[in-house]
Amino acid sequence: MSFTPQFFTTAESLVDSLDKKLLVVLRDGRKIIGVLRSYDQFANLVLQDSLERIYVGDAYGDIERGVFIIRGENVVLLGEIDGDIEDALPLRQLPIEDILQMQREEAEEKARKDKLRYALLHKQGFSVDFADNDLY
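Residues numbered from 1 in each chain as written. Predicted model: local features only at pLDDT ≥ 70, side-chain atom pairs only at ≥ 80, totals over all residues. Heavy atoms only, no water.

Looking up the chain in an unreviewed UniProt entry gives the name U6 snRNA-associated Sm-like protein LSm1, with the organism given as Coemansia asiatica. What the UniProt record of the chain gives under Sequence similarities (unreviewed entry) is the line "Belongs to the snRNP Sm proteins family." (UniProt positions renumbered as here; feature names shortened; annotations may be inferred.)

Moving on to unusual backbone geometry. The backbone of D19 shows a phi angle near 65°, a positive value even though the residue is not glycine. Tracing the sequence through the fold places D19 in the segment before strand 1 (21-26). Using a relative accessible area of 53% as the deciding quantity, one classes D19 as exposed. The phi dihedral of A43 is positive, around 65°, even though this residue is not glycine. Mapped onto the fold, A43 is located in the loop between strand 2 (31-39) and strand 3 (45-56). Residue classification places A43 among the partly exposed residues on the basis of a relative accessible area of 24%. (Helix = DSSP H or I, 4+ residues; strand = E, 2+ residues; numbered from the N terminus. Buried < 20%, exposed > 50% of the residue type's maximum accessible area, 1.4 Å probe, protein only.)

Across its 28 residues, helix 2 (residues 96-123) extends 40 Å between first and last C-alpha, which sits within 8% of the 40 Å expected from 1.5 Å per residue. For helix 2, the full list of buried residues reads I96, I99 and D114. Looking at the buried side of helix 2, the elements it contacts are strand 3 and strand 4 (59-70). (Expected span 1.5 Å × (residues − 1). Contact = heavy atoms within 4.5 Å.)

Here it is, written out as structure tokens:
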């Protein structure tokens, strides 16, 4: 009798990720890094020693979050973090206050460009949806 490996496409596939450091990208765009401690049939996750990482350009900042519970429907992407590769990335860590300021400036610049683009599109007869999207 030969053993055929099983490939799960449900929450059961998370069993190999238990007690490993993961990066979880949420529907609202946030990136959470933590150690997966538990999950259920709905892919709700419990991360321990978690932090929210904010990227701006080639810099990032971390906000400590501790134990973090994530509802499964909010997970867009989930992956294991390789510590060696993470340390070798050409990113620089900055204090979170600096990152938040850079993020605000980047958002203001994007809003300014979007406003110009929307005005140009409107002039050409296009309807522009101003609703905020949740990246889903």
